[in-house]
Amino acid sequence: MQPGLDAGIDALGVALSRAQRDQLAGYLALLDKWNRTYNLTAIRDATRMVTHHALDALAVLPHLPQAADLRVIDVGTGGGIPGVPLAIARPDWHVALLDANHKKGAFLTQATIELGLANANVVVSRVEDYAPAAGFDIVVSRAFAELAAFVAGALHLAAPDGKLYAMKAAVPHDELAALPSHVHVVSTNTISVPGLDAQRSLVVIARR
């Protein structure tokens, strides 16, 4: 178990079983291993991966809808953040991991197999080219694009009642002001990540 992972999960108040915590630790170990060859993330230190990836992803969970059987897509997932930790934490959700990079897709495919994540599937595609059979309840991204570009590229992925959830650093007031008129901001939430001394926010956007 990576240092700080258990304590960070407890500090967030996210209910994870021992098996789920082990899955999360296994994911971070895989990310660290593959990162040496595939350059999946700029973070090289395994301890920083705990705070900047695993805990950063789980910190948004209390701010997401809590119903069972939700359809979730992580747009521009890269090495699997936040999608893989969310899939581990909520095995009752169906999580799509979308990225245009084939090497990242190969890693994610292997990771979902090794971790036994039957509720996650990998989609290698540009976001604007992906046409799912059904829309998603939660369309989430972390540092994928400015908010207007996120809306332009990903709004078609949301179900009629679905929402976009953009993980950001500080609340991006300039980006909020540049949003198109056919969407509105539902909320802006300040997120606290254990062990991370940096600002984090979650912007929730819906169709008008």
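In this report, the structure presented in the accompanying data block is examined.

Rules of the game
- Residues numbered from 1 in each chain as written.
- Predicted model: local features only at pLDDT ≥ 70, side-chain atom pairs only at ≥ 80, totals over all residues.
- Heavy atoms only, no water.
- Helix = DSSP H or I, 4+ residues; strand = E, 2+ residues; numbered from the N terminus.
- Buried < 20%, exposed > 50% of the residue type's maximum accessible area, 1.4 Å probe, protein only.
- Core = buried A, V, L, I, M, F, W, Y, C linked by side-chain atoms within 4.5 Å.
- Contact = heavy atoms within 4.5 Å.

The omega torsion across Ile81 and Pro82 is 5 degrees, close enough to zero to call that bond cis. With a phi angle near 60 degrees, Asp69 is a residue other than glycine that sits in the positive phi range. Take Asp69: it is sitting in the loop between α3 (46–58) and β1 (71–75). Given a relative accessible area of 55%, Asp69 falls into the exposed group. Backbone geometry places Ala143, a non-glycine residue, at a positive phi of 50 degrees. Tracing the sequence through the fold places Ala143 in the loop between β4 (136–142) and α6 (147–154).

Before going further, it helps to spend a moment on the nonpolar core. Core analysis: the biggest nonpolar cluster contains 50 residues, and Leu5, Tyr27, Leu64 and Phe107 have the highest contact counts within it. Considering each element in turn, this core owes the most residues, 7 residues, to helix α2 (residues 18–38). Setting aside its immediate chain neighbours within four residues, Tyr27 contacts Gly79, Gly80, Ile81, Val84, Pro85, Ile88, Phe107 and Leu115. Ranked by size, the runner-up nonpolar core spans 23 residues in total, among them Val127, Phe136, Leu147 and Ala154.

Everything listed here is a matter of geometry and, on its own, says nothing about what the molecule does.
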